[in-house]
Amino acid sequence: MRVTRAATLEAALADPEATFLAGGTDLMVGINFGRIRPVHVVSIRGLAELAGVTVSDRVTCGGGVTFTRLLKALGNSNPALVQAARTIGSPQIRNAGTLGGNLGTCSPAGDALPVLAALDATLLLRSGAGERRLKFDDYMLGPGRSARQPGELVLAVEWEDAGPAQVFLKAGTRNAMVIAVASLAMVADRRRRTVRVALGSVGPVILRAAQAEAFAAGLFEEAGWERLVGPSPAAAAHFGELVAAAARPIDDHRGTARYRRHVVALMARRALVRAARA
Amino acid sequence: MTQLRVRVNGVERSAQAWEGESLLYFLREGLGQFGAKNACEQGECGSCSVLLDGELVCACLVLAAAAEDSEVVTVEGLCDDPVTIAVQDAMVAAGGVQCGFCTPGFVVAMASLLKENPAPDEFEVREALSGNLCRCTGYLRIFEATQRAAGELRSGR
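What counts and what doesn't
- Residues numbered from 1 in each chain as written.
- Chains lettered and ligands numbered in written order.
- Predicted model: local features only at pLDDT ≥ 70, side-chain atom pairs only at ≥ 80, totals over all residues.
- Helix = DSSP H or I, 4+ residues; strand = E, 2+ residues; numbered from the N terminus.
- Rg over C-alpha atoms; globule rule 2.2 N^0.38 Å.
- Buried ≥ 20, exposed ≤ 12 C-beta atoms within 10 Å, placed from the backbone.
- Contact = placed C-beta atoms within 7 Å.
- Nonpolar A, V, L, I, M, F, W, Y, C, P; charged D, E, K, R; others polar.
- Axes fitted to C-alpha atoms, helices over the stretch in contact; angles between N-to-C directions.
- Parallel < 35°, antiparallel > 145°, perpendicular 65-115°, else oblique.
- Left-handed = near helix turned anticlockwise from the far one by under 90°.
- Core = buried A, V, L, I, M, F, W, Y, C linked by C-beta atoms within 7 Å.
- Pairing = 2+ DSSP bridges.

A. Geometry of the overall build of chain A. Within chain A one finds ten helices and 14 strands. Expected size for 278 residues packed as a compact globule is a radius of gyration near 19 Å; at 19 Å, chain A falls within 12% of this value. By its C-alpha atoms, chain A is 60 × 40 × 30 Å across when sized along the principal axes. Counting only residues that meet the buried cut, chain A has 53% of its 278 residues in that class. Pairs at least 24 residues apart make up 66% of the contacts formed inside chain A by residues separated by at least 6 positions.

B. The overall build of chain B, seen in detail. Scanning chain B from terminus to terminus reveals five helices and five strands. Going from the N terminus to the C terminus, chain B shows its helices and strands as β-β-α-β-β-β-α-α-α-α. For chain B, whose C-alpha radius of gyration is 15 Å, the value lies close to the compact-globule estimate of 15 Å for 157 residues. Overall size of chain B, expressed as C-alpha extent along the three principal axes, is 50 × 30 × 20 Å. Relative to its full complement of 157 residues, chain B shows a buried share of 53%. Here the contacts in chain B between residues at least 6 apart in sequence split such that 59% fall between residues at least 24 apart.

C. Focus on the interface of chain B and chain A. Each partner contributes to the interface: chain B provides 24 residues, whereas chain A provides 23 residues. Each residue belonging to the side of chain B that touches chain A can be placed in one class, and the counts come to ten nonpolar, eight polar and six charged.

D. Structural context of the packing of helix H9 (residues 233-246) of chain A against helix H10 (residues 257-276) of chain A. Residues and elements named next belong to chain A. In the contact formed by H9 and H10, the axes pass within 8 Å of each other and the chain directions differ by 135°. Between H9 and H10, the angle falls in the class oblique. Where H9 crosses over H10, the handedness of that crossing is right-handed. Residues Ala236, Ala237, Phe239, Gly240, Glu241, Val243 and Ala244 of H9 touch H10, and the partners they reach there are Arg261, Val264, Ala265, Leu266, Ala268, Arg269, Leu272 and Val273. Split into classes, the residues belonging to the contact of H9 with H10 amount to eleven nonpolar, one polar and three charged.

E. Molecular detail of the nonpolar core. In this structure, Ala185(A), Met186(A), Val243(A), Val264(A) and Ala59(B) are the most contacted members of the largest nonpolar core, which totals 150 residues. Per-element accounting of this core gives the leading share, nine residues, to H10(A). Setting aside its immediate chain neighbours within four residues, Val243(A) contacts Val197(A), Ala209(A), Ala212(A), Val264(A), Ala265(A) and Ala268(A).

F. Representation of the sheet that holds strand E5 (residues 58-62) of chain A. All names here are of chain A. Within the open sheet, the five strands sit side by side as E4-E5-E10-E6-E7. Their pairing is antiparallel. This sheet does not close on itself; its edge strands, each paired only once, are strand E4 (53-54) and strand E7 (130-135). Sheet topology note: the E5/strand E10 (residues 153-160) ladder contains five bridges and is antiparallel. Paired with Arg58 across the bridge in E10 is Glu160.

G. A look at the pairing of E5(A). Residue and element names in this part refer to chain A. Pairing geometry for E4 and E5, over two bridges, is antiparallel. In the sheet register, Thr54 faces E5, and the bridge partner there is Thr60. If you look at the hairpin formed by E4 and E5, you'll find three residues sitting between the two strands.

H. Quick peek at the sheet that holds strand E3 (residues 40-43) of chain A. All names here are of chain A. What the three strands build is an open sheet, ordered E1-E3-E2; its pairing is parallel. Every interior strand has two partners, whereas the edge strands, strand E1 (2-5) and strand E2 (19-21), have only one. When strand polarity is set aside, the average angle formed by the axes of neighbouring strands in this sheet is 25°.

I. Looking closely at unusual backbone geometry. With phi around 55°, Cys106(A) is a residue other than glycine that occupies positive phi space. Relative to the helices and strands, Cys106(A) resides in the loop between helix H6 (99-105) and helix H7 (112-118). Looking at Cys106(A), the number of C-beta atoms within 10 Å reads 22, which means it is buried. Backbone geometry at Asp53(B) places phi at a positive 50°, although glycine is not the residue there.

J. Layout of the environment of Val65(A). All names here are of chain A. Topologically, Val65 is positioned in the loop between E5 and helix H3 (67-74). With 23 C-beta atoms counted inside 10 Å, the residue Val65 sits in the buried group. It is 31 Å that separates the C-alpha atoms of Val65 and Pro249, two residues lying 184 residues apart in sequence. Not counting chain neighbours up to four residues away, the residues in contact with Val65 comprise Ala51, Val53, Leu70, Thr98 and Leu99.

K. View of H3(A). Within the span of H3(A), buried status applies to Phe67(A), Thr68(A), Arg69(A) and Leu70(A). Of the residues trailing H3(A), Gly75(A) is marked for its positive phi of about 55°.

L. Layout of the environment of Ala268(A). Residue and element names in this part refer to chain A. Its location among the elements puts Ala268 in helix H10. Overall, the presence of 30 C-beta atoms within 10 Å leaves Ala268 in the buried class. Along the chain, Ala268 and Leu242 lie 26 residues apart, while their C-alpha atoms are 9.0 Å from each other. With residues near it in sequence (within four places) discarded, Ala268 still touches Leu184, Ala212, Phe239, Gly240 and Val243.

In structure tokens, the structure reads:
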């Protein structure tokens, strides 16, 4: 194993075969347990080109920004991402783990990922060959598989501030240090009149619930996009069913498919009620 | 193998190491610095909590070779730190130590919390210590110790 500490972005991208090391919260577990033996590790921790965060109408978050720094930068804005970031691991993990690392690992249980899907985020990817933009929806291909090419780095992630009506919910055995059994992000952008719902840990990729989104958009349309009106219990229940129908869960050691579908419907109902009143 | 040089507790330290070695392994096996404990090796338990450039992290998740230009502070390096001293005294007074294995990690995490937030409420304490596992105490006395240390520090004793 060879280790390079990249001092510049250019140096980080010099070897297209390199394995990038950001916060280490995933890669180091693999190395510690002998599951992976990368040939060339390039540490990108602290790289200035990945460290920027700008929070305004358009949010840009560098790939190397830790969840602790992201939480500080977001403050009371972007509540779904704040909620997701706060459920990640522990202070130790949030001080190390980065948004780019969450995308690089590309787990269906990656806590920030349903939120990025619900925000319709765009990734800025950079390799020695150049830079490209990719919608999050086109990024994730399977568990641990993404459209990111070898040697390509997540330079930054961008999205439009979608306002206050957004929720992230996660089911697990603890509030901290838990890999989601199921997670849900809902963003109701009152200004742009769109609703997006994305699910984590209930399929091989982050799933969008298109029918549920259309149904919820209809509810907002009916109530008036600017108004804070709770949905009827029947509407919330129907929304939950539509979201659960979009899930493609499996049985595994963290939960059964049946439980996951159940909890997704429950989270969806709560998310709709909270978003409608925010 | 390679020769690694890492700044630990203000001193430049050097030892032979495998390139894929975690900072935790390097501290313990390379430098004989045993304050950070080795348990889960996957960031679950917090027993190896150290400060990396001032931030609380699990040493097991830091690649030692990637920490060569960083400042590492272990529990040993906090011996003369007034906040840490208050935390240690409070751990003893509150009965927050039983077998002691998790204690160094907790002490580093508690000191790190109190430096950021000198008056944490119960939930802030719980959240701040959520990355540290203890299999003896049931946590309540550790939470109590944190509040006690915070109180002592605020009253300037």
